[in-house]
Amino acid sequence: MIRILEKFQALHLTSGPMNKVGLYRDILHYYGHDYSLPLVFGISGLLGFTFHSGKISAKEGNTDQPTDLFPDYHLPDGFVAGEYFLGLNNALRATNVWCQRGTKNNKHDFFELLKTYINEGRPVHIEVNRTRWIDKIGLKKYVRAEWALYLNWVHNTVSLANLESGDYHIICIGYNDENFTLSFLDYYSSDSLEIHIDDLFDCTDFDNICLAPANKWYVYYVPLELPDIRSTVSASLKFMANSMINPFKTGSMVETGLRGLDSFVATIHDLFTDREVADIPRITSQILINSYSQNSLYDFNRMLFSEFLEESSTILNEPELENIAYRYAELARDWDRLIRPLKLKAFNQKECLSEAEINQINTIKNKEHDYVYSLWDIISTI
Amino acid sequence: MTMFIPSGTSLAPYKMGEKNSPFVLPAYKHRMGSHCSSLQMSNILLFNGIKISEELCFGIGAGLGFIYRKAFSPPLYFILGRSDELEEKICYHLGGVAVPYKTDNNDKALKGVLDLLNKGQPVLVNIDASFFPYMRKKFNLFENVRYGGHRVTIAGYEPGASKDTSYFYLSDYAWTDLQKVSFAEMELARASDAGQTPPDNLFYTFIFPEKTFSIEEAIRSGIRLNIQTMLKPWFPVFGIPGLEKFCSRILTWKRTMKEELLKQNLNMTYMMMEVVGTGGGNFRRIYARFLRQASAILESKTLLEAFDSYRRLGDCWKEIAYLIKESAEDPEKGIWSNPGSTQKLLDEILFKEKLGIEQLKGFLNE
């Protein structure tokens, strides 16, 4: 039997590296809720900052400290990102959507589970090892030449094993049980992609890589009517600002929010001033890898957040938010101006950080502080 | 002595002695309560330095609800007066996150729990309550019923040579002391194939910011979401739509079920409404207490009026629950002894439930 959720395929929109957000937007559209990509991003509480300061702690002799916030987290030393990797948990709360979830550690059971939900008309969200998936599915042809350059750099410069990572999200919309293939949508491609269950399992069955997929799957039950958008937006803004100003208590070497950012900037500064040259490529690589491929667009998602703020300004009838939106757009350009040259240098295996770039990071840090406090002041009055 | 512990799990933080010795998180305070989820959350929040009563947890977690759902294995109606994912909603409304993790890998499920305990965190897990002798002893429910949604907090453990001789220490809402169960029993209870409500090895990781949202704000968020979940649920057998079905259909059960199945359904309905962790009155009494506490915190007269409505609703639910119990013993009695009067009571419940939601809406509009 062959079954495809054609309605889902028809409404699918690509969103590049923002696969988690694009996927949830498609889910909401499928169930009749026409939310934009920035709106889904914003209400999902995905803007933040995470820094795994492994190296600093190692210096202080705290190497025994746990690093995982929750199962399958596994952030490597020096990992930096513009979010917290809490998945779609906040999105579910903001939209009052119920999620059935689990893992399937047997490929036959996995196939049967996917079939069952597709037969019910429900698409299934799956996490994969992005490096394996991109190789397996031949995805390079769908993406920009720049992506191919990036992949070449990954393969040639850094050990591939160190770069294997999860937090890459695809959605199953069909199956063919005569040849055990499945149909997926990927957020770089408009086309449906076919893959055999054995090959899919080769992309999901990873427990020990960064943000491990560990055969996780999710199915969403979306109500006919979502909560009032004004309340949703204001709650999400408050969550974001609070998490930045009052970091999460992680009990580990993972630091979040503005404190994580400060720690990251201090680390970069130390590396530069201490002339620990060997560490510079490592840190630079992490910035690049995460800013490029981990659900981000060079700018730690500040531009998408800026667009969310613009929409929020209209939804909440709060013109001040538009000013903050403008500032976050500026911040996105600042991050972008910092990271793009680093990328070119790294691709060419040249020196990675200059003093001017270090100073630029300090400026960005100060702006991050100022803008989130300005945002907090505005939303505290709403 | 060789200890049983999954590979990759460290015992280092506990500095275990030469002999096996139990380790219970010293800062975890076991307290008893009315309902498993709300009580466990109150205990876990307290452990994390956030003092919020069980009742406030129930309300902030938008716990008020209704489910009228027919299961197929066993073929029993699942009727429950609360909403879902209370733990995640409480944390979200406080500015934190509850990260749920489900797995069909029992070893990974065990390792996940031990890792959190070793980090010094109590672990909230889902279990099929019918597997634990102490539960079976207290509730004569589990001959026919498997319910995999019971929440307990694991507050410590004692490693031994095997799963049968290693033990967890559980904080369970209706027991004065921590309960001791073996790793083997726990594995069965967590991985049980409990019909429509399997526990799926679920456990939570809780992450809180250094400063949570104010209690006033969290209460408002909980009430706002509860109005939504009651009026616009994600499944049409939940909330007010589910309640409408229940109130119009329960009296037809006698025509559609054989006597033995009918009695089982009625007994289970009574237990789920009145006895098993509901605080009595199908969760309306605990919700009323939430509203009374919230009205004091927010100095709201409207919430105090809503408290009175839900207190009375608790009485109505208690009345119908006892009629259902009578019918479970003799189907000619109880709700069928005077069907007209029963329907009047059911209509009154439905009316008051809708009125209660309107009062909550009124509070938000103040």
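Residues numbered from 1 in each chain as written. Chains lettered and ligands numbered in written order. Predicted model: local features only at pLDDT ≥ 70, side-chain atom pairs only at ≥ 80, totals over all residues. Heavy atoms only, no water.

**Points about helix 11 (residues 284-298) of chain B**
Residues and elements named next belong to chain B. Formally: Secondary structure is summarised from DSSP: a helix means a run of H or I of at least four residues, a strand means a run of E of at least two, and numbering begins at the N terminus for each. In a helix, the anticipated span is given by 1.5 Å times the number of residues less one. When a residue's accessible area, from a 1.4 Å probe over protein chains only, is under 20% of the maximum for its type it is buried; when over 50% it is exposed; and in between it is partly exposed.
Along its 15 residues, helix 11 runs 20 Å from first to last C-alpha, staying within 8% of the 21 Å computed at 1.5 Å per residue. Residues Arg284, Ile286, Tyr287, Ala288, Phe290, Leu291, Ala294, Ser295 and Leu298 constitute the buried set of helix 11. Downstream of helix 11 by one or two residues, glutamate 299 has phi in the positive range, about 50 degrees.

**A look at the packing of aromatic side chains**
Residue and element names in this part refer to chain B. The line we're drawing: Pairing of aromatic side chains here covers Phe, Tyr and the six-membered ring of Trp, requires ring centres within 6.5 Å, and sorts the geometry by plane angle: under 30 degrees stacked, over 60 edge-to-face, intermediate tilted.
By the definition in use, this model includes 47 aromatic pairs over all chains. Ring plane angle 20 degrees and centroid distance 5.1 Å describe the contact between tyrosine 68 and tyrosine 77, whose orientation is recorded as stacked. The buried category is assigned to tyrosine 68, whose relative accessible area is 4%. Joined through ring pairs, the aromatic side chains of Phe66, Tyr68, Tyr77, Phe246, Trp253 and Trp317 make up one cluster.

**A closer look at helix 2 (residues 19-30) of chain A**
Residues and elements named next belong to chain A. Formally: Here, two residues are considered to be in contact whenever any of their heavy atoms come within 4.5 Å of each other.
The end-to-end C-alpha distance of helix 2, which contains 12 residues, comes to 16 Å, matching closely the 16 Å that a straight helix rising 1.5 Å per residue would cover. Most of helix 2 sits out of view: 12 of its 12 residues are buried. Turning to helix 2, its buried residues are Asn19, Lys20, Val21, Gly22, Leu23, Tyr24, Arg25, Asp26, Ile27, Leu28, His29 and Tyr30. Packed against the buried residues of helix 2 are helix 1 (6-11), helix 3 (37-43), helix 5 (89-95), strand 5 (124-128), strand 6 (168-176) and strand 9 (216-221). Just beyond helix 2, the residue with positive phi is glycine 32, at close to 95 degrees.

**Some points on the interface of chain B and chain A**
Note the following rule: Once two parts are brought into contact, the accessible area they lose, counted with a 1.4 Å probe and summed over both, makes up the buried area. Any carboxyl oxygen of Asp or Glu within 4 Å of a side-chain nitrogen of Lys or Arg constitutes a salt bridge here. Polar contact is defined as a pair of N or O atoms within 3.5 Å, subject to the rule that within protein one atom must be able to donate a hydrogen and the other to accept it, and that residues adjacent in sequence are counted only when both atoms are side-chain atoms. Amino acid classes used here: Ala, Val, Leu, Ile, Met, Phe, Trp, Tyr, Cys and Pro are nonpolar; Asp, Glu, Lys and Arg are charged; the rest, including Gly, are polar.
Tallying the contact residues gives 35 residues for chain B and 44 residues for chain A. Each partner contributes to the roughly 3,600 Å² buried at the junction of chain B and chain A, and carbon and sulfur atoms together form 55% of this total. Looking only at chain B, the three residues that lose the most surface to chain A are Tyr92, Glu210 and Trp234 of chain B, adding up to 21% of its buried area. The interface formed by chain B and chain A holds seven salt bridges in total. The partner of lysine 232 of chain B in a salt bridge is glutamate 225 of chain A, and the shortest N-O contact between them spans 3.3 Å. Linking chain B with chain A are 22 residue pairs in polar contact (both at pLDDT 80 or more). Breaking the side of chain B that touches chain A down by element, the ones donating at least two residues are helix 3 (86-93), strand 4 (97-101), strand 9 (203-207) and helix 7 (215-231) of chain B. Per element, the largest residue contribution to the side of chain B that touches chain A is five residues, and it comes from helix 7 of chain B. Grouping the constituent residues of the side of chain B that touches chain A by class yields 13 nonpolar, eight polar and 14 charged.

**Quick notes on the sheet that holds strand 2 (residues 50-52) of chain A**
Residues and elements named next belong to chain A. Defined as follows: DSSP bridges decide pairing: two strands pair if at least two such bridges lie between them.
Here we have three strands laid out as an open sheet, ordered 3-2-10, and antiparallel in their pairing. This sheet does not close on itself; its edge strands, each paired only once, are strand 3 (80-81) and strand 10 (254-256). As defined by bridge partners, strand 2 adjoins strand 10 across three bridges and the pair is classed as antiparallel. Within strand 10, the residue paired with phenylalanine 51 across the bridge is glutamate 255.

**Things to note about the pattern of salt bridges**
For the structure shown, the criterion picks out 38 salt bridges over all chains. With a closest N to O distance of 3.0 Å, glutamate 85 of chain B and arginine 93 of chain A form a salt bridge. Taken as a pair, glutamate 85 of chain B in the loop between strand 3 (77-82) and helix 3 and arginine 93 of chain A in helix 5 lie in two separate chains rather than in one. Among the residues examined, glutamate 85 of chain B registers a relative accessible area of 10% and is labelled buried. The class for arginine 93 of chain A is buried, based on a relative accessible area of 6%. The partner of aspartate 199 of chain A in a salt bridge is lysine 136 of chain A, and the shortest N-O contact between them spans 3.7 Å. Residue aspartate 199 of chain A is found in helix 10 (residues 197-204), and its partner lysine 136 of chain A is found in helix 7 (residues 130-137); the two are separated by 63 residues along the sequence. What makes lysine 136 of chain A partly exposed here is its relative accessible area of 36%. Through salt bridges with shared partners, a single ionic network connects Asp72, Asp207 and Lys216 of chain A together with Lys108 of chain B.

**A look at the environment of arginine 146 of chain B**
Residues and elements named next belong to chain B. With respect to the element layout, arginine 146 can be found in the loop between helix 5 (133-138) and strand 6 (150-158). Along the chain, arginine 146 and aspartate 193 lie 47 residues apart, while their C-alpha atoms are 8.7 Å from each other. Excluding anything up to four places from it in sequence, arginine 146 contacts Asp128, Ser130, Phe131, Ser192, Asp193, Ala194 and Thr197.

**Quick word on the nonpolar core**
Note the threshold: In this text, buried Ala, Val, Leu, Ile, Met, Phe, Trp, Tyr and Cys residues form a nonpolar core when linked through side-chain atoms within 4.5 Å.
Residues Trp133, Leu200 and Tyr220 of chain A together with Phe168 and Phe246 of chain B are the most contacted members of the largest nonpolar core, which totals 233 residues. Setting aside anything within four residues of it in sequence, one finds leucine 200 of chain A in contact with Leu114, Ile126, Val128, Trp133, Ile170, Leu182, Phe184 and Ile195 of chain A.

**Examining unusual backbone geometry**
All names here are of chain B. The backbone of glutamate 85 sits at a positive phi, close to 50 degrees, despite the residue not being glycine. The phi dihedral of asparagine 201 is positive, around 60 degrees, even though this residue is not glycine. By relative accessible area, which is 3% here, asparagine 201 ends up buried.

**With respect to the environment of serine 15 of chain A**
All names here are of chain A. As for its placement among the helices and strands, serine 15 is situated in the loop between helix 1 and helix 2. Setting aside residues no more than four positions away along its own chain, serine 15 makes contact with Gly22, Arg25, Leu37 and Tyr187. Within the structure, serine 15 has its side chain in polar contact with the backbone oxygen of methionine 18 (distance 3.0 Å).

**With respect to the packing of helix 10 (residues 259-275) of chain B against helix 12 (residues 301-329) of chain B**
Residues and elements named next belong to chain B. Filter applied, for reference: Fitted lines through C-alpha atoms give the axes, limited to the stretch in contact for helices. The angle between two N-to-C directions lies from 0 to 180 degrees. The scheme is simple: roughly parallel for angles under 35 degrees, roughly antiparallel for over 145, roughly perpendicular for 65 to 115, oblique for anything else. Whether a crossing is left-handed or right-handed is set by the direction in which the near helix is turned from the far one by less than a right angle, anticlockwise for left-handed and clockwise for right-handed.
Close contact between helix 10 and helix 12 brings their axes to 8 Å; oriented N to C, the two are set at 150 degrees. When the axis of helix 10 is compared with that of helix 12, the two are roughly antiparallel. In this structure, helix 10 meets helix 12 at a crossing whose hand is left-handed. In this structure, helix 10 contributes Lys263, Leu266, Asn267, Thr269, Tyr270, Met273 and Glu274 to the contact, and helix 12 contributes Trp317, Lys318, Ile320, Ala321, Tyr322, Ile324, Lys325, Ser327, Ala328 and Glu329. Partitioning the contact of helix 10 with helix 12 into residue classes produces nine nonpolar, three polar and five charged.

Honestly, it's all geometry; don't read function into it.
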